[in-house]
Each structure stands twice: as C-alpha cells, then as structure tokens.
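Each chain, letter by letter, is given below.
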Amino acid sequence: MTTTDTLLDAEAIAALSVEALEDVKGEDIRVFDTRALSPLFDRVVVASAQSTRQTKALAQRVIQRAKEAGIPIVGVEGEALGEWVLVDLGSVVVHVMQPAVRAYYRLEDLWQHGATARQGT
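Residues numbered from 1 in each chain as written. Predicted model: local features only at pLDDT ≥ 70, side-chain atom pairs only at ≥ 80, totals over all residues. Heavy atoms only, no water.

1. Examining the packing of aromatic side chains
Inference 1: A complete count under the given rule lists three aromatic pairs for this structure.
Inference 2: Ring geometry for Phe41 against Trp111: centres 5.5 Å apart, planes inclined by 75°, an arrangement best described as edge-to-face. Taken together, the residues span a long stretch of sequence, with Phe41 in the loop between β1 (27–33) and β2 (43–48) and Trp111 in helix α4 (residues 107–111) at a distance of 70 residues. Accessibility classification places Phe41 together with Trp111 in one group, the buried group.
Inference 3: Ring geometry for Tyr104 versus Tyr105: centroids 4.9 Å apart, planes at 85°, classification edge-to-face.
Inference 4: The exposed category is assigned to Tyr104, whose relative accessible area is 64%. (Phe/Tyr/Trp six-rings, centres within 6.5 Å; stacked < 30°, edge-to-face > 60°. Helix = DSSP H or I, 4+ residues; strand = E, 2+ residues; numbered from the N terminus. Buried < 20%, exposed > 50% of the residue type's maximum accessible area, 1.4 Å probe, protein only.)

This is the structure:
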C-alpha cells in the first residue's frame, strides 16, 4: 500500500464517519488532517452530542457503518459512561463528546496546527 492509498483510505474513512455522525444528528463535526502531527493516525474527527444516549448512539452508528464497509474497529473507549466515546478506526480516530467535556479538553486546540479537512454541522 502506498502513501497515496493510505491517504485515500483515511479520507474515505473520515467521510464515512462524518456521514454516520450526521445520520444521528451529531453537531459541530470537525475533521483534522493530522499526518504532519502524528505518525499514529491520519485524521481526527470530533463531534458533539447533547446527551449520554446520543453520544453512545453516534459512536454506535460510526461503528456500524465502519463494519458494513469492512473497516476494522481497532478499539472503542468510554462507552460505559457516554460523556466521551473514542472510536479508533486505525488511520482515523473519532471522538464523540458532550459539549462540556469537549470544551474542557479542547481537542481542537491540540490539533489546530493540522489543516482542517472539513467542518460540518
């Protein structure tokens, strides 16, 4: 697999993740290109949810869509509490957070030096 193939895969996985988040009304969806900032993954997707139930539903929708597309789920963290669920899809890491948690941890500040690949609803 070439670097170009990996990039296309990360873009496709990020796009699929955004679509899944939009399906369940995820808010303030942002995608960051992190290739220049981390060797561990190529994209970070951050989205907000208004309740524990919605946070879990958003993460489950991302997992479902990834599985349907044959994308392996590397790991899922935080589902028990539902305030912040991380879905690791290898080249893409998806964070679904309640607004207060998102404001506290400010992940956008961490990845701000990476180009914003997409900003959503």
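We are not done yet, so read on.
2. Remarks on the nonpolar core
Inference 1: Membership of the largest hydrophobic core comes to 24 residues, with the highest contact counts inside it found for Leu21, Val45, Val62, Val87, Leu89, Val92 and Val94.
Inference 2: At the level of secondary structure, the elements contributing two or more residues to this core comprise α1 (3–23), β1, β2, α2 (52–68), β4 (84–88) and β5 (92–97).
Inference 3: Element by element, the count of residues in this core is highest for α1, at seven residues.
Inference 4: Dropping the residues within four chain positions of it, Val92 is found in contact with Ala10, Ile13, Ala14, Ser17, Phe41, Arg43, Val45 and Val87.
Inference 5: Listed in part, the nine residues of the second largest apolar core include Val44, Val93, Met97 and Val101. (Core = buried A, V, L, I, M, F, W, Y, C linked by side-chain atoms within 4.5 Å. Contact = heavy atoms within 4.5 Å.)

3. Let's talk about the confidence of the model for the chain
Inference 1: Summary statistics for the chain give a mean pLDDT of 88 and a share of 86% for residues scoring 70 or more.
Inference 2: The model gives residues 1–8 a pLDDT under 50, and that stretch makes five contacts with residues more than four places away or in other chains. (pLDDT = per-residue confidence, 0-100.)

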